[in-house]
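# Observations on chain architecture
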Amino acid sequence: MGLRGISADVRQAVITQSQKQGMKAGEWLTLAILEKIKQDRNAGKAQVATNEKPAVSVEGASAVLALLERLQGMGIEPPDRMKRKATTLVRKCIRI
């Protein structure tokens, strides 16, 4: 199986790299392509390991409370779950 449109210098680089790793050119190229796809997929994913809890900002809690007030002002009763989440945010801000 061959690939058209691959320049001679790239073809030679694939052969050289595959020989260094004791593989056939097709095997090496397949692994290289799969690795590139994996890197591209993971590029947008931030991988941060931390033991700290995410910070709660007073501004964020204030925005949630303002949203609840606006809903009530329009005559819409916010869901209980939303009220509980807002209460939790405010409590976390108080503890900071």
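Since this is a predicted model, take the numbers as computed values, not measurements.

## As for the overall build of the chain
Looking only at helices and strands, one finds 4 helices and 0 strands in the chain. Each of the 96 residues in the chain was classed as buried or not, and the buried ones make up 11%. Across the chain, contacts joining residues at least 24 apart in sequence account for 35% of those joining residues at least 6 apart. About 8500 Å² of surface is accessible on the chain, with carbon and sulfur atoms providing 56% of the total.

## A word on the confidence of the model for the chain
Do not read the predicted coordinates in detail wherever pLDDT is low. Overall, the prediction assigns the chain a mean pLDDT of 79, with 83% of residues at 70 or greater. Least confident of the elements in the chain is helix H3 (residues 58-73), whose mean pLDDT is 81; most confident is helix H1 (residues 8-20), at 85.

## Let's talk about the packing of H3 against helix H4 (residues 80-95)
Here H3 crosses H4 at 150°, and the two axes come no closer than 9 Å. On the basis of their axis angle, the class for H3 and H4 is roughly antiparallel. In terms of crossing hand, the pair formed by H3 and H4 is left-handed. Across the interface between the two elements, Val-58, Ala-61, Val-64, Leu-65, Leu-68 and Leu-71 of H3 pack against Met-82, Ala-86, Leu-89, Val-90 and Cys-93 of H4. Here the residues of the contact of H3 with H4 sort into 11 nonpolar, no polar and no charged.

## Comments concerning the side chain of Ser-18
By the secondary structure assignment, Ser-18 is in helix H1. Looking at Ser-18, the relative accessible area reads 2%, which means it is buried.

Cut-offs and rules
Residues numbered from 1 in each chain as written. Predicted model: local features only at pLDDT ≥ 70, side-chain atom pairs only at ≥ 80, totals over all residues. Heavy atoms only, no water. Helix = DSSP H or I, 4+ residues; strand = E, 2+ residues; numbered from the N terminus. Buried < 20%, exposed > 50% of the residue type's maximum accessible area, 1.4 Å probe, protein only. Contact = heavy atoms within 4.5 Å. Areas by Shrake-Rupley, 256 points an atom, 1.4 Å probe, with all protein chains shown as cover. pLDDT = per-residue confidence, 0-100. Axes fitted to C-alpha atoms, helices over the stretch in contact; angles between N-to-C directions. Parallel < 35°, antiparallel > 145°, perpendicular 65-115°, else oblique. Left-handed = near helix turned anticlockwise from the far one by under 90°. Nonpolar A, V, L, I, M, F, W, Y, C, P; charged D, E, K, R; others polar.

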